[in-house]
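Take a look at the letters that make up each chain.
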Amino acid sequence: MSLLIRRIALENFRKFRGPHEIAGLTGGLNIVIEPNETGKSTLLEAVRAALFLKHGSKTRLIGSFQPTGDNVAPQVALDFEVDGAAWSLTKKFLKSPSVELSGPTGRQQGDAAEQALQALLGFEAGQQGATFDKALHGALGMLWVAQMDGLCVEAPGGTVRDLIGATLEGEAGSLIGSAAFERVRARIEGQYVTYFTARSGAPTARLLAAQKRVGTAVDTLAEAERREEALEAAFADLDTARRALTALRRELDDDPDAPERADLIARLETARGAAQQLATRKAEAAAASSRLGGLEDLATRHAGALDRQAAAQTRRETASGKRAMLAAGLDAARAKATQARSALDTALAARETARTALAEARAQDTANRRRERVTAAHARHAHVLALEARRAALDEAVALAVPARVLDDLAAAEREVVRHRTLLEADGTRIELIGGADALTRDGAPLEPGEWTLTRDTRIGLPGGGELVLRPSQALAGAQAALDAARARRAALLAQWQLESLAAAQARADAAREAGRALETLAAQIAAATPADRELALAPGADALTAFVAANPLDADEAQAPARPLAELEAEQDRADAVFVRAEAQARQAESDMRDAEKAEPPLAIDEQTAASDLARAAEDLAALAAHADFADLAATLATAREGAATAAVELDRAQANARAFDEAALARRIETLAARRRAAEDSRNEITTRIARLEAQVESDGGKGLAEHAALAREENDAARAALSRIEEEAETLRLLRDTLAEAQAETARSITGPVATRAARYVGRILPGGEPGFGDDLGLAAIRRAGVDELCEQLSRGTQEQLAILTRLAFADMLLDQGRPVSLILDDPLVYSDDVRLDAMTDLILEASQRMQVILLTCRERAFRHVEGNRVRM
């Protein structure tokens, strides 16, 4: 049984503030392609609201239907068919809420209409929250896929599962679910929950109590054995500690390290004396080395100052000689540059004179050519005026043209008049009066002798007041009326266009056609006579030519030729340009030579000044070194300092050898090691003494508590608890096995139910996933796809594949519901947004095939993706 939505009308519903209607929906595929924000998703929500939401509800979802900022009543109307029967539904929300359902059974309103709607479409009544609850909407809730709802695979709601499951259980012939099975399972479940929780299988009640008893007994036994073992360990530790204390006391009293400690202290004092002597020798050696370094630096600085003085003197003499040679070349370069600038000025003046003469000649030539073109333009304008004078008569003839439509109407009217007149003359009754008949009348007027055709009722007045009524046949009366109407139409057309006849109309049309052709020829002649002229800045066309002529009258003066030929002036300018270029190049070269000479002089002057400065600084340095206290007898003083430094180095080596014989740090470390050893022995003695006291107290305390008896009782309780737990676990496992066996039987039956569902879905899945086998769970939801022997969970597939499988499973369920006679239709809002081109084409083919069995409404904003798909195109 198919559900067909024919019309959707809504008002005050979200963005649709005014009345809005979507009509023309048909069976098969209906495609609504509109841009974003045009209300496609709102349209689906309006249909769901009209069918599934109660008119009297005031939930947040219904409140959201009001247009933003408006306090109005949302209203939706639907026309639809169920199994061929036409139904009409109108529902209004919030303000004066109402509902009316009309169909083959009559009209119903209020709650009766809501209940009838639920029974008709097979959905449940329930409280809707902030969004639509698809589980309450039955098959249509699963098959009407809102935007973003089709991006993942979902199990059908409880109502759909019951509809499909009941039928498939009957097909499988299953007894699972019978009353006897339920009684057995309920009894087993009742006993099972005394041992395990129903959901997770965790221990509970009797089993948990037994496990806790064993746990307590184990903990108690472990504690008793621990305390018993601790007492025995305390006795052993006490004996060990007493023996260790005796050995430590003997070691401390004897002190075997005392002789070594005394020897180390004596050697340490000797090492400290050698270290003091080494420090003294290091200071003496450093002073001698510093004295020697200062004298050697003085000698080095004096030799360096003498070298710098000689080098500075050589640089100053070289720079001075070069500057003298450069001065003569610079004077010659400056004279040459002055001469080149003078020649350049002369060449520039000659070039400007030649250019001025050439420009004046060219201006005169341009003026002469413009005068000639202006004269030609005036001549063309006179020709255009003559042509335009002939246009007025032609325009008048064209204006009187009779349209072809009017000619056709006149011809048709003329044919009608001729046809009806011919019919009357051929079939009409001819009446003829011969002789005089003064007393006779015809329709109240005197009857004249002659012949006429009888086409309507005619009254002949007879002498004495009688009348003779002549009635023609009904066909002739109608023919006369048609003839009168045809004549009236012909007369009206002739009067409207001021024509005498059809021939006159045809003649006027021919004359207008000839005038039109003449006008076209005239326009071509005018266009040819009014071309554009770039030199005059004249645009093409008669209007532009007329404006130009008005703005540029003819000049009465005659044209004047240039004083000299243009070719002669141009040659003269070329010669002047060549002379100028040569003069300019020579001037630039002279300037460059002069600048090069000028640039060479400053570095030489700088070198000379720098050398003089370096020479003065060298003299100052030599004078300062000569004033030093050690400079007068520097050679002898330097030799004495070197001898003293050698003697100090020998004494330093001897002191270092003495210091190395006694390692002060090693002696101190050894003394500290012996002291640390004694301190450790004393600390161990104190610690052992404290530990012995603690162990003696523990043994005295625990010895009288009867720890052995407590351990024996704990062992007996542990054995009893374990025996009880073993018995209860055996009972629990028996119940678990029985419960699992029943569950396996039920699962086997569930597989026999989901098998047909998987078979139907496989036909669709194989079209996009060749070789893929769908696997369904107990809730009839698609759980996995098996490919190449490997199960892939649906949530691990790509987003596009999940979206495609979501639509394919809905198609499979729709086919099954359709076979059961349930009202089914498919609405997809922006589907297949993640599909590639190949998958999109395959899915489009499947949707087209489905539309042959049920109505499919496809709402999308992607025109390019669905432009080629055949279907009923519906506009918003």
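Scroll up a little and you will see the structure.
Criteria and cut-off values
- Residues numbered from 1 in each chain as written.
- Predicted model: local features only at pLDDT ≥ 70, side-chain atom pairs only at ≥ 80, totals over all residues.
- Heavy atoms only, no water.
- Helix = DSSP H or I, 4+ residues; strand = E, 2+ residues; numbered from the N terminus.
- Buried < 20%, exposed > 50% of the residue type's maximum accessible area, 1.4 Å probe, protein only.
- Areas by Shrake-Rupley, 256 points an atom, 1.4 Å probe, with all protein chains shown as cover.
- Phe/Tyr/Trp six-rings, centres within 6.5 Å; stacked < 30°, edge-to-face > 60°.
- Lys NZ or Arg CZ within 6 Å of the ring centre and 35° of its normal.
- Pairing = 2+ DSSP bridges.
- Axes fitted to C-alpha atoms, helices over the stretch in contact; angles between N-to-C directions.
- Expected span 1.5 Å × (residues − 1).
- Contact = heavy atoms within 4.5 Å.
- Patch = residues over 30% accessible without salt bridge, like charges linked within 9 Å, V, L, I, M, F, W, Y side chains within 5 Å.
- Salt bridge = Lys/Arg side-chain N within 4 Å of Asp/Glu carboxyl O.
- Lys, Arg positive; Asp, Glu negative; His and termini not counted.
- Charge placed at Lys NZ, Arg CZ, Asp CG, Glu CD.

### Topic: the overall build of the chain
Looking only at helices and strands, the chain features 20 helices and 20 strands. Going through the 876 residues of the chain one by one, you find that 35% of them count as buried. In the form shown here, the chain has an accessible surface area of approximately 49300 Å², with 53% of it arising from carbon and sulfur atoms.

### Comments concerning the packing of aromatic side chains
By the definition in use, this model includes four aromatic pairs. Relative to W144, the ring of F52 lies with its centre 5.8 Å away and its plane at 45°, an arrangement referred to as tilted. Of this pair, F52 sits in helix α1 (residues 40–52) while W144 sits in strand β8 (residues 144–145), and the two are 92 residues apart along the sequence. On the basis of relative accessibility, which here comes to 5%, the residue F52 falls in the buried class. For W144, a relative accessible area of 1% gives the class buried. The ring of F580 carries the charged tip of R351 above its face, separated from the ring centre by 3.9 Å.

### Thoughts on the sheet that holds strand β15 (residues 773–776)
In spatial order, the strands read β15-β16-β17; together these three strands make up an open sheet with antiparallel pairing. Each of the sheet's edge strands pairs with one partner strand only, and the pair in question is β15 and β17 (790–793). The average undirected angle you get between the axes of adjacent strands in this sheet is 35°. Bridge analysis of strand β16 (residues 782–787) against β17 gives four bridges, and the strand direction is antiparallel.

### Focus: unusual backbone geometry
Positive phi, normally seen in glycine, also occurs at N12, with a value near 55°. Examined against the element boundaries, N12 turns out to sit in the loop between β1 (3–11) and β2 (20–22). A residue is classified by how much of its surface remains accessible, and N12, at 17% relative accessible area, is buried.

### Concerning helix α12 (residues 502–529)
Think of an α-helix as turning once every 3.6 residues; residues three or four places apart then point the same way. In this model, α12 (28 residues) spans 41 Å end to end at C-alpha, consistent with the 40 Å of a helix rising 1.5 Å per residue. Within the sequence span of α12, burial applies to A505, A509, A512, A515, L519, L522, I526 and A529.

### So, the environment of A210
Looking at the secondary structure, you find A210 in helix α7 (residues 205–254). As for A210 and A724, which are separated by 514 residues in sequence, their C-alpha atoms are 6.8 Å apart. For A210, the residues in contact, after removing those within four places along its chain, are L725 and I728.

### Details of a negative patch on the surface
A surface patch of negative charge is lined by D836, D837, D841 and D845. Mapped onto the elements of the fold, D837 is located in helix α19 (residues 837–851).

### Focus on the side chain of K91
Along the chain, K91 falls in strand β5 (residues 85–92). The contact partners of K91, leaving out residues within four places of it in the chain, are A49, A50, L51, L53, H55, P74, Q75, V76, S98, V99, E114 and L117.

### Points about the pairing of strand β13 (residues 458–461)
Examined bridge by bridge, strand β10 (residues 441–442) and β13 share two bridges and lie antiparallel to one another. Each residue of the ladder has a partner; that of T441, found in β13, is G461. Pairing between β13 and strand β14 (residues 467–470): four bridges, direction antiparallel. Residue pairing for β14: I460 is matched across the bridge by L468. Turn length for the β13-β14 hairpin, with the two strands adjacent in sequence and antiparallel, is five residues, and the turn residue G464 shows positive phi of about 95°.

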